[in-house]
Amino acid sequence: MTNRLTGYQSSEPKVTLNYEDGHNLVLDILTSQIIRVFMDRNCTTNSYAIQGDKHHKTNYTVDNKGDHIEVRTPDLTVKAYDGRHIDFFDGEGNPLVMDYRGRRQALANDLDDEHKSTVLAEGHDINLLGKSDDRHYEIIKSLSPDEQFYGLGDKPGFLDKRGYDYDNWNVDFGQVHNESVKGIYKSIPVMYGLKDSHPYGLFFDNTYKSHFDLGKESENYYYYSAADGNIDYYVLGGHTLKDVVANYTYLTGVTPLPQKWVLGYQQSRWGYSTSDKRVESIADGFAKYHLPIDVIHLDIDYMRGYRDFTWDTTKYQDPKKFVAEMKKRGIRLMPILDAGVKKDEDGYDIYQEGVKKGYFVENPDGTVFVGRVWPGDAVFPDFGRPEVRKWWAKHIKFFADMGACGVWNDMDEPASFDGELPKDLVFSDGDQKSTHAKMHNVFGHLQAQAAYEGMKDATGKRPYVITRAAYAGTQKYSTVWTGDNQSIWSHLQLAIPQLNSLGMSGFAIAGTDIGGFQKDTTPELLTRWLEASLFVPLFRNHAEMGTRYQEPWAFDRQTLDIYRDYLNLRYRFVPYLYDQLRHETESGLPVMRPLVLNYDQDPAVRQLNDEYMVGTNILVAPIVNQGADKRLVYLPAGKWLDFWNNVEYSGKQTIMVNAPIEKLPLFIKKDTILPWGNKVKHISDQPEKVMTFRLFGDCGAYKHYQDNGLDFKYQEGEYNEYYVEVAADGQVTVQLHKHGYQPTYDRIYVETDRGRFEFDYDRKEESYHLAK
Ligand code: GLC
């Protein structure tokens, strides 16, 4: 029996579709390009991803068309039929998201119980196809022969996710991350599609464990299923893939502007923080070998017995003084903070206070749950409760008081060495009691929120938080890294699609452990990894204790020299990256992005895994294969200049590029002006006096952004904008739009093929004049 669509009510901005079985579907029209589909399944309706009301007043019509009801905004049309089938079309009537009318046909395999133990005996891991306890509901959509999928956060694998299936359940995944892995640390349930070249997005706002099958099971459909929760998803439209991604970040928030030095180079290793002397020796290495650096990370050993919010004074004579001394040398320190709090009755205030106030997650019988992390027995803060987040945020002040530059959140899936926490543990969902099953995927998100708020309150600066676990929307509070990768070439290859996908999922500041975390790197792998990361916003080399040293000077002279050259080059691009992040806060589009985001109508880029773009005008094609000294590079439409020799290429073709070990294939769109940072050892807190712009091509225009790079005053208008233009007739102009940031550049250089133009600042007129 079909479930008949019996009628509807429209009460702006919602259209309720009534069905015979009594389970109504609500279409909530947020904007002309964003429609939420909701069906109540007795779950709370608060969102952890979306803050505030995102409705824009939108004109829409509702018509009864006989066999269906049609809801139409200027950009999206929804047709609702019997059987609770709904189809979405774009403004031109092209199908975007269509309910599949058939039934799923689970993939079969030939593994029976008798053979299962035989296969397992040799240590093979097997996925039981189609078997899952996580099918509270399924949403099945039609798949076109020509349809690609993007997004999904950090899922390891290729850029186009068609043909794969994934779980959304945050896991501390210490094995090799590759395309057969269903999920790692983050759950970002947003996917984008290009259906017959028409872009759309789907965001499933459900924190329970969920699953995507993107055409693995069938060529005819893809589906999303969830273990529990309401049916609650957003169909995102837009004329281009960029519009669709911007709609997603409109909903879940953009990555805020970081402090500028966050874009500098960062060195890390599990093992540095065992003593102040050891950290100092790393800083000395950077000075000795003339290598620029901004941050050294302190892994777990700086703590007293792995207790959160402590600093071991047997290893650090005077931690606060030490941090200040390092800061004087231009190096900031970034301490790690783990989710698990040591169970320690013996004068450890965090644990004792937390227990007294009932701040830790509990077993169903009301006792505090105890897992096992670095300090041994450990308990987990119940971050779903605002009061607990406040408490944690208050303690974050400890780091601010120490002078640390931020907080690096780890093991926040949450992870326990005893395995996954039981799903029925009692967690809070706001003021209500809930379960681990519901709150697991937002644990890291809420811990990041507490860290962000704590740091902001304590310092007044833009907080620098890194987290390993995340949910949709975590980008508002924290940057991310991709967790425990390995020093293997396939992980360098993975870095590009993974970071591109994170970018499309809202995380504009993301990075991988350069050189690889686990296992031993090689000089060649490290070099190519650093080159590939030249524009990766979070630019950090990190390695595991016990592995081969990974500092730039730990290898041969050539490796050190190339490393230095690329660090210097990175700092040249920092003003550009900072400008790009400023754009990102306005456009919602990532800095590092796949070519498909800029050229969604070019089929040649839809599965391109080894190139990326920075904004719209820089194209990077790293070497990601051992031994390779040349590669094919696809250049999209337009004219491109080889960064190294200015040779011009037309786009829409694949070219062969030589790339000996010291060369990263890099292309600039012809007629681009780029800011060109000064050669520095660290990014200074003091305003720059001189700025250079470089023209690539014959003419161009560029808007450059300037603020103090530290705090929130820019939000009250304390910033400047510079408009630099080289006209077709060769005339060079620099215009200042002063919005209220006092310091301006004393001098600006514009470098073109025709020469270097110098502009001096006229204080009285507040403008720049070409020096004679
Ligand atoms: C986890 C982190 C890693 C860190 C280690 C020790 O494995 O992912 O980055 O070095 O813990 O704290």
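These figures come from a predicted structure and were not determined experimentally.

Rules and cut-offs
- Residues numbered from 1 in each chain as written.
- Predicted model: local features only at pLDDT ≥ 70, side-chain atom pairs only at ≥ 80, totals over all residues.
- Heavy atoms only, no water.
- Helix = DSSP H or I, 4+ residues; strand = E, 2+ residues; numbered from the N terminus.
- Rg over C-alpha atoms; globule rule 2.2 N^0.38 Å.
- Buried < 20%, exposed > 50% of the residue type's maximum accessible area, 1.4 Å probe, protein only.
- Contact = heavy atoms within 4.5 Å.
- Areas by Shrake-Rupley, 256 points an atom, 1.4 Å probe, with all protein chains shown as cover.
- UniProt positions renumbered as here; feature names shortened; annotations may be inferred.
- Near = heavy atom within 4 Å.
- Polar contact = N/O pair within 3.5 Å; in protein donor to acceptor, adjacent residues only side chain to side chain.
- Nonpolar A, V, L, I, M, F, W, Y, C, P; charged D, E, K, R; others polar.
- Salt bridge = Lys/Arg side-chain N within 4 Å of Asp/Glu carboxyl O.
- Phe/Tyr/Trp six-rings, centres within 6.5 Å; stacked < 30°, edge-to-face > 60°.
- Lys NZ or Arg CZ within 6 Å of the ring centre and 35° of its normal.

S.K.: Please explain the overall build of the chain as it appears in this structure.
M.R.: When its secondary structure is counted, the chain shows 12 helices and 49 strands. Expected size for 772 residues packed as a compact globule is a radius of gyration near 28 Å; at 27 Å, the chain falls within 12% of this value. Taken along the three principal axes of its C-alpha coordinates, the chain extends 85 × 70 × 55 Å. Looking at the chain as a whole, 61% of its 772 residues qualify as buried. Considering only intrachain contacts with a sequence separation of at least 6, the fraction spanning at least 24 residues in the chain is 67%. For the chain, the exposed area adds up to about 29,000 Å²; of that, 47% sits on carbon and sulfur atoms.

S.K.: I keep staring at the UniProt feature "domain: Glycosyl hydrolase family 31 C-terminal" (unreviewed entry) in the chain and nothing clicks. Help me out?
M.R.: Here the UniProt-annotated "domain: Glycosyl hydrolase family 31 C-terminal" (unreviewed entry) positions come out as residues 588-674. Each end of residues 588-674 is marked by a C-alpha atom, and these two atoms are 21 Å apart; helix forms 5% of the span and strand 39%.

S.K.: Sorry if this is basic, but what is going on with the site of the ligand here?
M.R.: Around the ligand, the neighbouring residues are Trp 270, Asp 299, Ile 300, Ile 336, Trp 374, Trp 408, Asp 410, Arg 468, Trp 481, Asp 484, Phe 517 and His 542. Separating an oxygen atom of the ligand from a side-chain N or O atom of Asp 299 is a distance of 2.5 Å. In this structure, Asp 410 approaches the ligand through a side-chain N or O atom, which is 3.0 Å from an oxygen atom. Here the ligand, which alone exposes 310 Å², has 97% of that area covered by the protein. Here the shell around the ligand is composed, by residue class, of seven nonpolar, one polar and four charged.

S.K.: Hey, could you run me through the pattern of salt bridges in this one?
M.R.: Inspection of the entire model under this criterion finds 50 salt bridges. Measuring nitrogen to oxygen at the nearest pair gives 2.8 Å for the salt bridge that ties Arg 468 to Glu 413. One end of the pair, Arg 468, is in the loop between strand 28 (465-467) and strand 29 (470-471); the other, Glu 413, is in the loop between strand 25 (407-410) and strand 26 (426-429), and 55 residues separate them in sequence. On the basis of relative accessible area, Glu 413 is assigned to the buried category, the value being 1%. With a shortest N-O distance of 2.9 Å, Glu 531 and Arg 528 are connected by a salt bridge. Placement of the pair is Glu 531 and Arg 528 together in helix 10 (residues 523-532), with a separation of three residues, close to one helical turn. No difference in accessibility class separates Glu 531 from Arg 528, as the two residues are buried. Because the salt bridges share partners, they merge into one network encompassing Asp 172, Asp 410, Glu 413, Arg 468 and Asp 484.

S.K.: Just checking my understanding: could you explain the packing of aromatic side chains for this structure?
M.R.: Two aromatic rings, taken as a pair, are described by how far apart their centres are and by the angle between their planes. Per the counting criterion, the structure on display carries 50 aromatic pairs. Measuring from ring centre to ring centre gives 6.5 Å for Tyr 221 and Tyr 223, while their planes differ by 45°; the resulting arrangement is tilted. A residue is classified by how much of its surface remains accessible, and Tyr 223, at 2% relative accessible area, is buried. Taken together, a centroid distance of 4.9 Å and an interplanar angle of 85° make the contact between Phe 643 and Trp 644 edge-to-face. Over the ring of Tyr 250 we find Lys 54, and its NZ or CZ is 5.3 Å from the ring centre. When the ring centre of Tyr 578 is taken as origin, the NZ or CZ atom of Lys 260, which lies over that ring, is 5.5 Å away.

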